[in-house]
Structures are given as structure tokens and as C-alpha cells.
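Read off the chains here:
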Amino acid sequence: MKKVAICVGHSRGDKGAVSIGGVTEWDYNVKVADRLKDILERTGVNVTVFDHYPASTYEGAMGWLAQSLNKLELDCAIELHFNSASPEAEGYEYLYWGGSLPGKRLAECFQSAHQDLLMPQNNRGIKAISIGDRGAAFLRKPKTVCLICEPFFGSSEKEWGLFEDDAGRDNLARAYANGLADFLDIKLTIPFRRAPEASPVDPGCKARNNEIRDRVERIKSHLLEIEKLLPHDP
């Protein structure tokens, strides 16, 4: 049985960045983690969710988390986040420990799944992290393969609009599930694919449809006028 850990970033109480919708990273991603856990468990994957790190500092939290992850003998672990910067910043990226070839492969699986399943975004690529970089402790301390997920910018009105509601969270969880299935070499119980985009409506066809609707409304109006002229039963 495959074993995976889903870690919710900023679980030591700081809650992380706040989106333009007023939702924190932790509040957003704890729901994504629950949805992802459900998808994976239905496929037979053993899933552990960590959404509380009992420490007051980042280093302390990562030390505790690494010890907890090492006890589980996992196939991989991911930590859920979203980015925040200027309103113009957009795109998705996946971070892995620079010295880890399995970590690079996991990042590539997630990047591919994101691109295949979700609405088009700016692909910021996979990024190798080294000591001193953001997220380095989570990626290097545990013995298992680790990945940090940054699927969008919460500071972008456009991207927040893609992911803010339940449907957006579900789509993101499905993309993560596809990435994990690819890395673990398993088949999901319910395979997820991007829904086909609606074909653009031909302008000529749209004009004809509007003309037909106008004619129908005029006929209805005439029938009502005729009905008023009909004799009524006493």
C-alpha cells in the first residue's frame, strides 16, 4: 500500500498569506487537503494529514514535522501553500530539494498534472531549493521525498477567481491527485481529465438565434391580442 502525507502549510498558527478574498493559506488548504485525502483513500492510498505543527518557530515546526513524517515510512509528502506578491504576479510552481532526483520527478509529475487538468496559467516551472531558500527545511529534513505546492497567487484577482470556491478547490485537489498517481504509478479509482472547453458560438448563428427568438415573442404577443377578441362563455 502506498503511503502519503499531506501537510498544510502554516499549521503552527501563523496561517500564512491572506488572499484578496480574505482567506488565509491555512484556511484554504485545509479544505483542499480533506478533498485530496478522500480521493486518494478511495484509490487505496494510506493518507495522513498534518494540519497542526506544535511549535512556535518555523525551525521548531519543521523539526517536529520531519520526526513525525519519518515514523510513517512514506512514499512522499507534500506541503500545500499558495503564493502572494504584487497584484500582477501570476502562475504556478512546484518546489523540490535540489539534490533529490525523486523530488525533481515528483515536481515534474505535479507540474504536468496542473498543466493538463487546470485552466491555463503562467507556468513558472519547477524550482530546485537549497539551504537558505524559502521552504528548504521542509524539503530536506524528512527522509521521504517532499514537495511544496504553490498553485496560484492569492494576491491576483484573476487567479483567486479560478480557485476561490468549492469547485476551484476540488479541481486543485484532483490535479494534485493526478500528480501523485503519476509519481506513485497507480491508477485513480476515478480518473480526472480537464472538461472540454465550449466551442465559440458562430456570430452568424448567434444572430439567427436572436432573430428567431424575436419572432417567437412577436407571435406570442399577436396570439394574446387575438385571444382578447374571442367571445367568452357566459
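Predicted, not measured: the structure shown is a model, and the values here were computed from it.

Quick notes on the rules
Residues numbered from 1 in each chain as written. Predicted model: local features only at pLDDT ≥ 70, side-chain atom pairs only at ≥ 80, totals over all residues. Heavy atoms only, no water. Helix = DSSP H or I, 4+ residues; strand = E, 2+ residues; numbered from the N terminus. Buried < 20%, exposed > 50% of the residue type's maximum accessible area, 1.4 Å probe, protein only. Contact = heavy atoms within 4.5 Å. Right-handed = clockwise from strand over helix to strand, strands pointing away. Pairing = 2+ DSSP bridges. Axes fitted to C-alpha atoms, helices over the stretch in contact; angles between N-to-C directions.

(A) Here's a closer look at the environment of N46. With respect to the helices and strands, the residue N46 is situated in strand β2 (residues 46-50). With a relative accessible area of 32%, N46 lands in the partly exposed category. Taking the C-alpha atoms as reference points, N46 and K2, separated by 44 residues in sequence, lie 6.1 Å from one another. Setting aside residues up to four positions removed in sequence, N46 forms contacts with M1, K2, K3 and V4.

(B) Representation of the pairing of strand β1 (residues 3-8) within the structure. Burial of β1 is extensive: five of the six residues sit out of reach of the surface. In terms of handedness, the path from β1 via helix α1 (residues 25-42) over to β2 forms a crossover that is right-handed. Taken together, the five bridges between β1 and strand β3 (residues 76-80) define a ladder with parallel strand orientation. Looking at the pairing, V4 lines up with C76 of β3.

(C) Representation of the pairing of strand β4 (residues 92-97) in the model. The element β4 is extensively covered by neighbouring structure, given that five of its six residues are classed as buried. With five bridges connecting them, β4 and strand β5 (residues 123-129) associate as parallel partners. Within β5, the position partnered with Y96 by the bridge is A128. For the crossover from β4 across helix α3 (residues 101-117) to β5, the handedness is right-handed. Examined bridge by bridge, β4 and strand β6 (residues 146-150) share three bridges and lie antiparallel to one another. Following the sheet pairing, E93 is matched in β6 by E150.

(D) Broad picture of the sheet that holds β4. Spatially, six strands are ordered β2-β1-β3-β6-β4-β5 in an open sheet, and the strand pairing comes out mixed. Only two strands of the sheet have a single neighbouring strand rather than two, namely β2 and β5. Each adjacent strand pair in this sheet contributes to an overall mean axis angle of 20°, direction not counted. The strands touched by α1 are β1, β2 and β3; relative to β1, the strand with the most contacts, the crossing angle is about 165°. Sheet strands touched by helix α2 (residues 58-70): β1, β2 and β3. Its angle to β2, the strand with the most contacts, is close to 165°.

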